[in-house]
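Fold and geometry: a report
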Amino acid sequence: SEVAKAVLVDGWAVLRQALLGPDVEALAAAAHRAAAELLQRDPPRMGNRGPRRYSFGGASTTHHMVHEEAWAALLDYDCLHAALLPIFGGEYVAIGGGGDFVLEATDTHQRLHVDLQLAEMYDKDFP
């Protein structure tokens, strides 16, 4: 597939219109709620990834957000499976899901990173 080829060659791809209508609204609402909770706990806006930078997964005791229905739903999209199967040779395991957000006036950047940093998170039988 074109998406798989882009990921294998360039390291990333965009799945345009992968989420539509109610799914977009549900994920946006869940992200806004989670962001509001993080910001409520951080009045000085110190962030958990640097000043005014936040990781949803990094702020959760589960280290991901798949316990939230809107995030969990992302794991069930046919277009995503169609892209991931050829990238990973027909076999892959989803072990988490998160995302980051950045507030305005942030003057630092964040390098690409893995949020799932504990070895047991990569155990296929019990992630």
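Summary of the structure given here. Source: prediction; values computed, not measured.

1. Considerations on the packing of aromatic side chains
In this structure the tally under the stated criterion is 4 aromatic pairs. Aromatic pair Tyr 54 and Phe 101: ring centres 4.9 Å apart, planes at 10°, arrangement stacked. Pair noted here: Tyr 54 is in strand β1 (residues 53–55) and Phe 101 is in strand β2 (residues 100–102), with a separation of 47 residues, a long-range link. On the accessibility criterion, Phe 101 (15% relative accessible area) is buried. Between Phe 88 and Tyr 92 the ring centres are 6.2 Å apart and the planes differ by 40°, which places this aromatic pair in the tilted class. Classification of Tyr 92 by relative accessible area gives partly exposed; the value is 25%. Here the aromatic residues Tyr 54, Phe 56, Trp 71 and Phe 101 are joined through ring pairs into a cluster of three or more.

2. Some remarks on the side chain of Asp 42
Looking at where Asp 42 falls in the secondary structure, it is placed in the loop between α2 (21–40) and β1. Arg 45 provides the closest opposite charge to the buried, salt-bridge-free Asp 42, at an N-O distance of 5.5 Å. One polar contact links Asp 42 to Tyr 54, side chain to side chain, over a distance of 2.5 Å. Excluding its chain neighbours within four sequence positions, the residues that come into contact with Asp 42 are Gly 47 and Tyr 54.

3. Details of the pattern of salt bridges
Scanning the model with the defined rule gives 1 salt bridge in all. Between Arg 52 and Asp 107 there is a salt bridge; the shortest N-O distance is 3.4 Å. Taken together, the residues Arg 52 in the loop between α2 and β1 and Asp 107 in the segment after β2 connect sequence positions 55 residues apart. Residue class for Asp 107 comes out exposed when judged on its relative accessible area of 63%.

Conventions used here
Residues numbered from 1 in each chain as written. Predicted model: local features only at pLDDT ≥ 70, side-chain atom pairs only at ≥ 80, totals over all residues. Heavy atoms only, no water. Phe/Tyr/Trp six-rings, centres within 6.5 Å; stacked < 30°, edge-to-face > 60°. Helix = DSSP H or I, 4+ residues; strand = E, 2+ residues; numbered from the N terminus. Buried < 20%, exposed > 50% of the residue type's maximum accessible area, 1.4 Å probe, protein only. Lys, Arg positive; Asp, Glu negative; His and termini not counted. Salt bridge = Lys/Arg side-chain N within 4 Å of Asp/Glu carboxyl O. Polar contact = N/O pair within 3.5 Å; in protein donor to acceptor, adjacent residues only side chain to side chain. Contact = heavy atoms within 4.5 Å.

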